[in-house]
Amino acid sequence: MKITAFNAIHKECGARMVPFAGYEMPVEYSGITDEHMTVRNGVGVFDVSHMGEIWVKGPKALDFVQKVTTNDVSALTIGQAQYSCFPNGKGGIVDDLLVYYYEENKYMLVVNASNIEKDWNWLVENQIEGAELENASDNISQLAIQGPKATAVLQKLTDVNLDEIKYYTFTVGKFAGIDNVIISATGYTGAGGFELYFYNDHADAIWKAIFEAGQEEGIKPIGLGARDTLRLEMGYCLYGNDIDDTTSPLEAGLGWITKFTDEKDFIDKDFMLKLKEDGINKRLRGFVMIDRGIPRHDYDIVTAEGEVIGKVTSGTQSPVLQKGIGMGYLKKGYTKLGTEIYIQVRKRRLKAEIVKLPFI
Amino acid sequence: MNIPENLKYTKDHEWIRVEGEEAFIGITDFAQGELGDIVFIDIDTEGETLEQEETFGTVEAVKTVSDLMMPVAGEVLEVNPALEDSPELVNKDPFGEGWMIKIKLSNVSDIDDLMSAEDYAAIIEA
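This is a predicted model, so every value here is computed, not measured.

Caption draft 1: Expanded view of the domain arrangement of chain A. Structurally, chain A comprises domain 1 (7-51 + 139-233), domain 2 (52-135) and domain 3 (281-355). Computed over C-alpha atoms, the centres of domain 2 of chain A and domain 3 of chain A are 34 Å apart.

Here it is in structure tokens:
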């Protein structure tokens, strides 16, 4: 099994380690609820070094990224990041990702750990002349420092004015004495904060500096368990749960990252245009439990009479709302906000209501 | 690891404390630690007579859900009312305030087949 550069540190911090996407990763330290609320109200640090980083370089870099992703890369200026996905040639999704416009003719694609190899093979298969690919995943570490107090903590460690880094933009600068750290105002929690990218050699120094700087703010390490509950409260998709090779971005509510402009051609453009015109037959929706219970991945969504109208893709108890929340695909005709649905939880049908995302 | 001597245990990480013909049942300290933050105890078998290893309810943690199994056959007399509003009692005090059900044993002698604290310690340390 692979490990990240922070593996020993996690164990020193008392993390419970689990296998995840081929890596030994921390799932929790002090407890999921405590970690979740630390990020909502204070500041927490996630090791997300298992994520993949793929560079695209060369005179045709833009054309290539346009071809393999659904969002409009030409809309980016240097220093901007963009959420996007790789369509799979059959209307489904290879992976979701962030596209960073790093410098002229150079983009960084940040992909899910579980898909690094699949993504790489897919990109190579669709590669065009003038666009060079480099898989830097094993050399780059990533920390996400998230929460309302993240900026105050990180500002102690850099001269870069963090307030000037707007949401979904980044800069490359000196951080904790280390040059060339990518400081990105992005995250998967909805709590604000930054994601930092740097070479593995600096992992120890940067972790220590952040935890020293954040001591008075009560900074804590956060595991994958709380990462999942935090993203779900925001209604963010998780690849493998809410989206996969069989779901269309349009069905997943990712129409906003699927751009059908004239300048942009991409894999599956015609297919998705047709789907858009014909209309989708299922739609990913968020729901809140009215009856007490917790929805889980793969539970059936049913009508009051028990007719199956969908499937839960993600579910948990929301630590903020103290209620069960979930997402799932619903058949056409049952997707309106406010619709009363039922979740089949073992032998019982529990009432829930379709709500607008995010949950909080 | 806390494993009280005066209880009997199952391989499914339940404990049982016998008081005459009645008994209290809960999950072990090891089990609550593995589950993580417990947010809901779902037991709707009050009044039912269940067989050994039959499911009497489920415990929902943030991350996962797990069935609760009868260590022995018996009638479910009572569900711990405190767990309705404070399921976290199972994390905080699994052998005490976090008890889950009180039962009437079908056969008191069934208890003899369950594990001692020492036997249980051996399986969770293995």
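Here the narrative resumes, following the displayed structure.
Caption draft 2: Here's a closer look at the environment of G98 of chain B. Residues and elements named next belong to chain B. Tracing the chain through its elements places G98 in the loop between α2 (89-92) and β9 (101-105). Overall, the relative accessible area of 0% leaves G98 in the buried class. Note: C-alpha distance between G98 and N80 (18 residues apart in sequence) is 7.9 Å. With residues near it in sequence (within four places) discarded, G98 still touches N80, L83, L89, V90 and D93.

Caption draft 3: Here's a closer look at the packing of helix α2 (residues 32-41) of chain A against helix α7 (residues 224-233) of chain A. All names here are of chain A. Following both chains from N to C, one finds α2 and α7 inclined at 55 degrees, their axes separated by 9 Å at the closest point. Regarding the angle of α2 to α7, the classification is oblique. The crossing of α2 and α7 is right-handed. On the side of α2, the interface is formed by I32, E35, H36, V39 and R40, while α7 contributes G225, A226, T229, L230 and E233. Its residues assigned to classes, the contact of α2 with α7 shows four nonpolar, three polar and three charged.

Caption draft 4: Region of the structure containing the nonpolar core. Residue and element names in this part refer to chain A. With 43 residues, the main nonpolar core has F46, Y83, Y100, M108, V110, Y197 and I243 as its most contacted residues. Ranked by residue count, the leading element in this core is strand β6 (residues 93-103), at four residues. Residue contacts for Y197: discarding those within four places in its chain leaves E53, Y100, M108, V110, I140, S141, Q142, N180, V181, I182 and S184. In this structure, A150, L157, L162 and A213 belong to the second largest nonpolar core, which totals 28 residues.

Caption draft 5: Fine view of the pairing of strand β17 (residues 323-331) of chain A. All names here are of chain A. Among the nine residues of β17, seven are classified as buried, and the element is accordingly described as predominantly covered. Across seven bridges, strand β14 (residues 282-289) lies against β17 in antiparallel orientation. Among the inter-strand pairings, L284 is bridged to a residue of β17, identified as Y329. Alignment of strand β16 (residues 308-318) against β17, held across eight bridges, turns out to be antiparallel. Bridging from a neighbouring strand, G315 pairs with G326 of β17. The antiparallel hairpin formed by β16 and β17 contains four residues in its connecting segment, where Q322 sits at a positive phi of about 60 degrees.

Caption draft 6: Region of the structure containing the sheet that holds strand β19 (residues 348-355) of chain A. Residue and element names in this part refer to chain A. The strand order around the closed barrel built from six strands is β14-β17-β16-β15-β18-β19, with neighbouring strands paired in antiparallel fashion. Across the sheet, the axes of successive neighbouring strands diverge by a mean angle of 45 degrees, strand direction being ignored. Relative to β19, β14 is paired through four bridges, and the arrangement is antiparallel. Its bridge partner lying in β19, G286 is registered against V355. Sitting on the sheet, α7 is in contact with β16 and β17, with an inclination near 120 degrees to β16.

Caption draft 7: Representation of the sheet that holds strand β3 (residues 22-27) of chain B. All names here are of chain B. The antiparallel open sheet is built from six strands, whose spatial order is β1-β2-β3-β9-β8-β5. Since the sheet does not close on itself, it has two edges, and those belong to β1 (8-9) and β5 (49-50), each with one partner. Bridging between β3 and β9 involves four bridges; their strand directions are antiparallel. Note that in β9 the partner of A23 across the bridge is I103.

Caption draft 8: Spotlight on unusual backbone geometry. With an omega dihedral of 0 degrees, the bond running from L357 of chain A to P358 of chain A counts as a cis peptide bond. Tracing the sequence through the fold places P358 of chain A in the segment after β19. A positive phi angle, near 60 degrees, is found at N180 of chain A, a position not held by glycine. Looking at where N180 of chain A falls in the secondary structure, it is placed in strand β11 (residues 178-184). The exposure class assigned to N180 of chain A is exposed, which follows from its relative accessible area of 55%. With a phi close to 70 degrees, E53 of chain B is a non-glycine residue in the positive phi region. Positionally, E53 of chain B belongs in the loop between β5 and β6 (55-61).

Caption draft 9: Geometry of the state of the cysteines. Residue and element names in this part refer to chain A. Within the structure shown, the criterion is met by zero disulfides over all chains. Between C85, a cysteine without a disulfide, and C237, which holds the nearest cysteine sulfur, the sulfur-to-sulfur distance is 9.4 Å. The buried category is assigned to C85, whose relative accessible area is 0%.

Caption draft 10: Structural detail: the interface of chain A and chain B. Taken residue by residue, the interface counts 19 residues in chain A and 19 residues in chain B. For the chain A and chain B pair, buried surface summed over both sides reaches about 1,500 Å², with 41% attributable to carbon and sulfur atoms. Three residues, R292, R296 and R346 of chain A, lead the burial of chain A against chain B; their summed loss comes to 40% of the area buried on that side. Between chain A and chain B we count seven salt bridges in total. Residues R16 of chain A and E34 of chain B are paired through a salt bridge, measuring 3.5 Å at the closest nitrogen-oxygen approach.

Caption draft 11: Up close: the side chain of Q66 of chain A. Looking at where Q66 of chain A falls in the secondary structure, it is placed in helix α3 (residues 61-68). Contact partners of Q66 of chain A, with chain neighbours within four places excluded, come to N71, D72, V73, S74, K264, D265 and F266 of chain A.

Thresholds applied
- Here the residue index of a chain counts from 1 through its sequence in written order.
- The lettering of chains begins at A and the numbering of ligands begins at 1, in the order of writing.
- Reporting in this predicted model follows two pLDDT cut-offs: at least 70 for local features of residues, and 80 or more for side-chain atom pairs to be given and counted; totals over whole chains, interfaces and linings ignore these cut-offs and use all residues.
- Processing note: side-chain calculations cover all non-hydrogen atoms of the structure and skip hydrogens and water entirely.
- The domain boundaries here were taken from an automatic or database domain assignment.
- Only DSSP runs of H or I with at least four residues qualify as helices, and only runs of E with at least two residues qualify as strands; both kinds are numbered from the N terminus onward.
- A simple rule labels every residue: compare its accessible area, found with a 1.4 Å probe on the protein chains alone, to the largest value its type can have, and call it buried under 20%, exposed over 50%, or partly exposed in between.
- The contact definition used throughout considers only heavy atoms, calling two residues in contact when any of these lie within 4.5 Å.
- Only the contacting stretch of a helix is used when fitting its axis, a line to C-alpha atoms as for every element, and angles between N-to-C directions run 0 to 180 degrees.
- Between 65 and 115 degrees an angle is taken as roughly perpendicular, under 35 as roughly parallel, over 145 as roughly antiparallel, and anywhere else as oblique.
- For a crossing to be left-handed, the near helix must be turned anticlockwise from the far one by less than a right angle; the clockwise case is right-handed.
- Polarity classes work like this: nonpolar for Ala, Val, Leu, Ile, Met, Phe, Trp, Tyr, Cys and Pro, charged for Asp, Glu, Lys and Arg, and polar for all others, with Gly in that last group.
- We define a nonpolar core as any set of buried Ala, Val, Leu, Ile, Met, Phe, Trp, Tyr and Cys residues linked to one another through side-chain atoms lying within 4.5 Å.
- At least two DSSP bridges between two strands are needed for those strands to be called paired.
- Disulfides are defined as pairs of cysteine sulfur atoms found within 2.5 Å of each other.
- Note on terms: buried area is the combined drop in 1.4 Å-probe accessible area of two parts once they are placed together, counting the loss on both.
- Here, a salt bridge means any Lys or Arg side-chain nitrogen found within 4 Å of an Asp or Glu carboxyl oxygen.

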